[in-house]
Amino acid sequence: MNRSVVITGANGFVGRNVGMFLSKNGFSTIGLVRKGRSVPFGKTITTGTLSEPGLASKIKGSDALLHFIGQGKQTVDSEYGSVNVSLAKNAVVLCKRAKIKKIIYISGLGVDKSSTLGYFISKYKAEQEIVHSGLDYTIFRASYIIGRDDPLSQNLQQQVKKGQMIIPGSGNYRFQPIFIDDVSRVIIKTLSGKKFSNKIIDLVGPDIVSYNTFVKEFLHGKKIKIKKIDFESAYHDALHNKGPFGVDDLSIMAGDYIGNYKKLAGLVGMKFTKYGPVLEARGLF
Ligand SMILES: NC(=O)c1ccc[n+]([C@@H]2O[C@H](COP(=O)([O-])OP(=O)(O)OC[C@H]3O[C@@H](n4cnc5c(N)ncnc54)[C@H](OP(=O)(O)O)[C@@H]3O)[C@@H](O)[C@H]2O)c1
């Protein structure tokens, strides 16, 4: 069993939650962050690019690196290539310098060689850096990961505060939310089993749910106006930096990506949490 892990993107939603879960379960954890904020678990190390001299020696002897840096929206100052691809490349080099043999990466559900979406292309290129690294790798292609403070729920909660929930298009496109604690459990299994070695696996929950249904259940009977807008208007707003969704968010929603839950469940052999109880437990209502 790999018991000591280094986590990049340790202050993000996935990094923070997985880090706390692993710490509580007896793992020794080091969180790599780019700002001076300490992680609420293990040891914190600050790094900008994962490539500073001396960084490798500080994490030497760790069993695995969990690469959770990523971004889903580009800006002039921060493009996908420089974050999603280059930092994956740097993570691989860091593993080699620090003699860390195992790397776990979270990619996106829907990513593959034929991707045409900028975000997916960057994730695919990051995957390729890892696949061809010579390291023992496990790559998870994740649907929406949900928990207390996940980006999707935060977005919906912001809309609730504004008194209006926007549904682009029909709202019939689907996804497979997976509970963050289940993601942590899957990662623990991955750290302990050779059957996850050198594999790309969909990271999806047990339910396939339409966006319409998810929003309805998120509202939990709360009387909030639901406004359906066509995709043209939604893209118009996104392109003008308005509205709750980014351009690539909208494309992923319209993509209706569904993954192979049976394969994941068969590999890990554990019971997964349904999204309904996760929404109820968030205590937002
Ligand atoms: N959440 C989901 O539903 C979901 C679904 C599919 C895939 N994923 C993937 O899972 C990974 C983690 O997602 P998340 O939800 O935890 O995202 P998140 O909350 O936005 O966290 C992203 C992390 O990446 C770090 N980061 C971003 N740009 C960086 C840069 N230029 N240099 C250094 N660090 C940088 C952030 O650092 P700061 O804390 O300093 O901002 C943060 O810690 C990402 O790769 C994401 O694409 C997530």
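Residues numbered from 1 in each chain as written. Predicted model: local features only at pLDDT ≥ 70, side-chain atom pairs only at ≥ 80, totals over all residues. Heavy atoms only, no water.

Visitor: Help me understand the environment of Gln164 in this model?
Guide: In this structure, Gln164 sits in strand β8 (residues 164-168). The exposure class of Gln164 is partly exposed, given its relative accessible area of 26%. In this structure the C-alpha to C-alpha distance between Gln164 and Gln176, which are 12 residues apart in sequence, comes to 24 Å. Setting aside anything within four residues of it in sequence, one finds Gln164 in contact with Gln159, Ile224, Lys225 and Lys227. (Helix = DSSP H or I, 4+ residues; strand = E, 2+ residues; numbered from the N terminus. Buried < 20%, exposed > 50% of the residue type's maximum accessible area, 1.4 Å probe, protein only. Contact = heavy atoms within 4.5 Å.)

Visitor: Explain the site of the ligand here, please?
Guide: With respect to spatial proximity, 22 residues lie near the ligand, and among them Phe13, Val14, Arg34, Lys123 and Ile145 are the closest. Backbone polar atom of Ile69 to an oxygen atom of the ligand: 3.3 Å apart, as the coordinates give it. Tyr119 is positioned such that a nitrogen or oxygen atom in its side chain is 3.1 Å from an oxygen atom of the ligand. Coverage of the ligand by the protein chains reaches 81% of its 890 Å² of free accessible surface. Where the shell around the ligand is concerned, the elements lending two or more residues are α1 (13-24), α3 (80-97), β5 (102-108) and α4 (118-131). (Near = heavy atom within 4 Å. Polar contact = N/O pair within 3.5 Å; in protein donor to acceptor, adjacent residues only side chain to side chain. Areas by Shrake-Rupley, 256 points an atom, 1.4 Å probe, with all protein chains shown as cover.)

Visitor: How do you make sense of the sheet that holds strand β1 (residues 4-8) when you look at a structure like this?
Guide: Sheet strands pair by backbone hydrogen bonding; their relative direction is either parallel or antiparallel. Read across the open sheet, the 7 strands follow the order β3-β2-β1-β4-β5-β6-β11; overall the sheet is parallel. Looking along the sheet, the strands with just one partner apiece sit at the ends: β3 (43-46) and β11 (199-203). Here the average twist between neighbouring strands, direction ignored, is 20°. The pairing of strand β2 (residues 28-33) with β3 spans 4 bridges and is parallel. (Pairing = 2+ DSSP bridges. Axes fitted to C-alpha atoms, helices over the stretch in contact; angles between N-to-C directions.)

Visitor: Explanation requested: the pairing of strand β6 (residues 136-142) in the structure shown.
Guide: Each regular strand displays side chains that alternate between the two surfaces of the sheet. The buried fraction of β6 amounts to 7 of the 7 residues, a majority that puts the element mostly inside the structure. Here β6 shows two buried faces, one formed by Asp136, Thr138, Phe140 and Ala142 and the other by Tyr137, Ile139 and Arg141. In this structure, β5 lies alongside β6, joined through 7 bridges in parallel fashion. Among the inter-strand pairings, Ser107 is bridged to a residue of β6, identified as Arg141. Regarding topology, α4 serves as the crossover connection from β5 to the parallel β6, and that connection is right-handed. Of the pairings in the sheet, the one linking β6 to β11 comprises 5 bridges and is parallel in character. Residue Ile139 lies in a different strand from β11, and its bridge partner there is Ile200. (Right-handed = clockwise from strand over helix to strand, strands pointing away.)

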